[in-house]
Amino acid sequence: MAGISLKNISKVYSDGTVAVNDLSLEIENKEFIILVGPSGCGKSTTLRMIAGLEDISDGEMKIGERVVNNIAPKDRNIAMVFQSYALYPHMSVYKNMAFGLELRKVPKDEINRRVTEAAKILDIEHLLKRKPKALSGGQRQRVALGRAMVRSPDVFLLDEPLSNLDAKLRTAMRAEITKLHRRLETTFVYVTHDQTEAMTMADRIVVMKDGIVQQVDTPQNLYKHPVNKFVAGFIGSPAMNFVNCKSKIKGNNASVILADTEIPIENPELKEKLISIGESELVMGIRPEDLTVDMNYLKENPHSFIKACVEVAEPMGSETYLYADYFGARLVSRVYSETQFTVGEEVSLAVKNEKIHLFNRNTQLNILTL
């Protein structure tokens, strides 16, 4: 077991493409950390540099106390689980799990003990004699996890391991991998483009964009305190709503002016920050669950609402996603009611004042971080 230290790590390809730019990150021993971001953000490249499958252009990487920049993958004591499972089709499940240990000349009794123990933990004991073609996607993924487990690595590296599974199985496997991490008490570094996976599984999340780390924090802190507009829009489903606005300062009071509405800012910290900055061009962010049609909230907060035109009402069972147009900005409201909505009708959407986020329109930074 080991932590991982990345100091000013960069990856620049021969054609000049910068895949990862000056990344510094401390991953604690036994931590479950997830790298997340859109395609091409550098998350898989970072994972492959940790594995030794990509050379590091600049910076220093340690696994435990060892600098591993020039150490071969096989000597790093890491195990990697790929998106494609990468199982040998002509070998049985048992052989797939045992093969790496056989290459290392591990005694047969020890191989059998490790494979049997891993198969029991993963509930694939009954599959040991089968070939991969006779397995479902979820079973193949368990075999791939088992093959990594038997090596007793210091670090598990998982590259989009659930992306080939259907939605129901993906949800089940998320829980299984989380339980596996707790049981093994080993460092897990996991890559995904799915922010739901990141939010439900990680101790901490690393949000990346264009090869640069945007924010590293716990799932809850990322959700509640995004440092910039990109993180705010990437984390959360449906995504945060954004509306251009201007701040207005009058004495000790602050408000934001939208297209046809002025909303007073009541959050003391946000109000103080706005007053210190002065009037400026901003973007207001509000999450779908904080944009409500709750009439009681509207009565109690008569100055915190906007009128928008319904475009689509999307029933989801226990809730409805209401899509509405507000002067060209598409807004999504998560409605917990059985109210029926008609396309084209005007609705009053209450903005939960204490949940407002404000971003500088030029820098895209959350003004509370300025």
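Just so we're clear, the structure is a prediction, and the values are computed from it rather than from any experiment.

### A closer look at the pairing of strand β2 (residues 18–27)
Along any regular strand, the residues point their side chains to alternate faces of the sheet.
Moving on, step 1. Pairing of strand β1 (residues 4–12) with β2, which is carried by six bridges, proceeds in the antiparallel orientation. Bridging across to β2, L6 finds its partner in L25.

### Section: the domain arrangement of the protein chain
When the parts of a complex come together, some accessible area is lost, and that lost area is often taken as the interface size.
Moving on, step 1. Partitioning the protein chain into structural domains gives domain 1 (4–234) and domain 2 (241–369).
Moving on, step 2. The gap between the C-alpha centroids of domain 1 and domain 2 is 38 Å.
Moving on, step 3. If you look at the interface, domain 1 gives nine residues, while domain 2 gives 10 residues.
Moving on, step 4. Taking both sides of the interface into account, the surface hidden between domain 1 and domain 2 amounts to around 880 Å²; carbon and sulfur atoms contribute 56%.
Moving on, step 5. On the domain 1 side of the interface with domain 2, the three residues burying the most area are Y223, V227 and K229, jointly 61% of the side's total.
Moving on, step 6. Across the domain 1-domain 2 interface, the total number found is zero salt bridges.
Moving on, step 7. Those elements giving two or more residues to the side of domain 1 that touches domain 2 turn out to be α7 (219–224) and α8 (229–234).
Moving on, step 8. Counted by class, the side of domain 1 that touches domain 2 contains five nonpolar, two polar and two charged residues.

### Digging into the packing of aromatic side chains
Moving on, step 1. Within the structure shown, the criterion is met by seven aromatic pairs.
Moving on, step 2. Between F156 and F188, the aromatic rings sit 4.8 Å apart at their centres with planes inclined by 35°, giving tilted as the arrangement. Residue F156 is located in strand β7 (residues 155–159), and its partner F188 is located in strand β8 (residues 187–192); the two are separated by 32 residues in the primary sequence.
Moving on, step 3. Centroid distance F242 to F359: 5.9 Å. Interplanar angle 70°. Geometry classified as edge-to-face. Pair noted here: F242 is in strand β11 (residues 241–250) and F359 is in strand β20 (residues 357–360), with a separation of 117 residues, a long-range link.

### Comments concerning the layout of surface pockets
Moving on, step 1. Taken as a whole, the largest pocket encloses approximately 470 Å³ of empty space.
Moving on, step 2. Residue lining of the largest pocket: 21 residues in total, with M80, F82, R104, R147 and R151 positioned closest to the centre.
Moving on, step 3. Of all the secondary structure elements, the ones that give two or more residues to the lining of the largest pocket are β6 (78–81), α2 (93–103) and α4 (137–149).
Moving on, step 4. Per-element accounting of the lining of the largest pocket gives the leading share, six residues, to α2.

### Considering a nonpolar patch on the surface
Moving on, step 1. Judged by side-chain polarity, I277, L365 and L370 come together as a nonpolar surface patch covering roughly 230 Å² of accessible area.
Moving on, step 2. In this fold, L365 is placed in the segment after β20.

### Some remarks on the environment of F341
Moving on, step 1. Position of F341 relative to the elements: it lies in the loop between β18 (329–335) and β19 (346–351).
Moving on, step 2. Relative accessible area serves as the criterion here: at 17%, F341 is assigned to the buried category.
Moving on, step 3. Once residues lying within four places of it in the same chain are set aside, the contact partners of F341 are V293, V310, A313, L322, V335 and V347.

### Observations concerning the sheet that holds strand β12 (residues 253–257)
Moving on, step 1. In space, the five strands of this open sheet follow the order β13-β12-β11-β14-β20, with antiparallel pairing throughout. Only two strands of the sheet have a single partner each, and these edge strands are β13 (262–264) and β20. Strand-to-strand, the axes of this sheet are offset by a mean angle of 40°, without reference to chain direction.
Moving on, step 2. Relative to β12, β11 runs antiparallel, the two sharing five bridges. Along β12, the bridge assignment pairs K250 with N253.

Criteria and thresholds
- Residues numbered from 1 in each chain as written.
- Predicted model: local features only at pLDDT ≥ 70, side-chain atom pairs only at ≥ 80, totals over all residues.
- Heavy atoms only, no water.
- Pairing = 2+ DSSP bridges.
- Helix = DSSP H or I, 4+ residues; strand = E, 2+ residues; numbered from the N terminus.
- Domains from an automatic or database assignment.
- Contact = heavy atoms within 4.5 Å.
- Buried area = accessible area lost by both parts, 1.4 Å probe.
- Salt bridge = Lys/Arg side-chain N within 4 Å of Asp/Glu carboxyl O.
- Nonpolar A, V, L, I, M, F, W, Y, C, P; charged D, E, K, R; others polar.
- Phe/Tyr/Trp six-rings, centres within 6.5 Å; stacked < 30°, edge-to-face > 60°.
- 1 Å grid on protein atoms, 1.4 Å probe; cavity = no way out; pocket = protein on both sides within 12 Å on 5 of 7 lines; lining within 4 Å.
- Points joined across faces, edges and corners; volume = space filled by probe spheres on them.
- Patch = residues over 30% accessible without salt bridge, like charges linked within 9 Å, V, L, I, M, F, W, Y side chains within 5 Å.
- Areas by Shrake-Rupley, 256 points an atom, 1.4 Å probe, with all protein chains shown as cover.
- Buried < 20%, exposed > 50% of the residue type's maximum accessible area, 1.4 Å probe, protein only.
- Axes fitted to C-alpha atoms, helices over the stretch in contact; angles between N-to-C directions.

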